[in-house]
Amino acid sequence: MTRRALMAVLGGSAALLLLVVVGCVGATIRAVSNDPGDTPECRESVRAEEAKVRTDRWAPPEQLPGLGDYPEIHWQLRASGDPCSRAPGPTDWAYQGVVRLLPADARTLAQRYGFVPYAPAEPDQAPLTSPADAWPALAPFLPAAPRWLHSRAYDEATPATRWRTAFLDVEHRTLFFTLHDH
């Protein structure tokens, strides 16, 4: 084989190899972008679920201990991950809510868990969320002039399967909570 023929064969082989590689990469991109879970319908469904303000009782109740027979609750959920992805593993969820308590239950909760006046402390001591971080749809259910109390004992109370932060206003009988699945 002449040198010219050898160069032609090698050049043609390199071009063919480049086409195969580009084709495989393109097919992979198409396969990932055509994720059946990643559809406009899935995204719209997640947005609709996140926008809903729910009023059904919190279940299981032990995740928010000591609330008693509260007359009112408003809560929402948000995906912390991407529930429309086919990636393996569960999606984490965040929850926020505002609970209206009975007067006696608000006082008992404050005493049982040692709630104290909340004042933002040093960054390493402050909770990650506070009532100032309430999602817009829940903000109307918060008291107008609250006197928030906070309790690390309540945040860390059993069950500790979810990351929990709670703030209590005894005067307005209101508990604001945030939970995270992890």
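In case you missed it, the structure is sitting above this.
Notes on the structure in this doc start here. The structure displayed is predicted, hence computed values, not measured ones.

**As for the pairing of strand 5 (residues 162-169)**
Then comes step 1: In terms of burial, strand 5 is largely enclosed, as seven of its eight residues are buried.
Then comes step 2: By the bridge criterion, two bridges tie strand 4 (residues 149-150) to strand 5 in an arrangement that is antiparallel. Pairing of His-150 across the sheet is with Phe-167, part of strand 5.

**Description of the packing of aromatic side chains**
Then comes step 1: A complete count under the given rule lists seven aromatic pairs for this structure.
Then comes step 2: When the centroid spacing of 5.5 Å and the interplanar angle of 85° are considered together, the rings of Trp-58 and Tyr-95 count as edge-to-face. Here the residue Trp-58 occupies a position in the loop between helix 2 (40-51) and strand 1 (72-79), and Tyr-95 occupies one in strand 2 (residues 93-100), the gap between them amounting to 37 residues. Here Trp-58 matches Tyr-95 in class, with each residue buried.
Then comes step 3: Measuring from centroid to centroid gives 6.3 Å for Trp-75 and Tyr-95, while their planes differ by 50°, and the two rings are tilted. Pair noted here: Trp-75 is in strand 1 and Tyr-95 is in strand 2, with a separation of 20 residues, a long-range link. Like Tyr-95, Trp-75 is buried.

**Some remarks on unusual backbone geometry**
Then comes step 1: Note that the residue after Ala-59, namely Pro-60, is joined by a cis bond; omega there is 0°.
Then comes step 2: Mapping Pro-60 onto the fold places it in the loop between helix 2 and strand 1.
Then comes step 3: In this model, Arg-173 sits at a positive phi of 55°, which is unusual for a non-glycine residue.
Then comes step 4: Mapped onto the elements, Arg-173 comes out in the loop between strand 5 and strand 6 (174-181).

The rules behind these values
- Residues numbered from 1 in each chain as written.
- Predicted model: local features only at pLDDT ≥ 70, side-chain atom pairs only at ≥ 80, totals over all residues.
- Heavy atoms only, no water.
- Buried < 20%, exposed > 50% of the residue type's maximum accessible area, 1.4 Å probe, protein only.
- Helix = DSSP H or I, 4+ residues; strand = E, 2+ residues; numbered from the N terminus.
- Pairing = 2+ DSSP bridges.
- Phe/Tyr/Trp six-rings, centres within 6.5 Å; stacked < 30°, edge-to-face > 60°.

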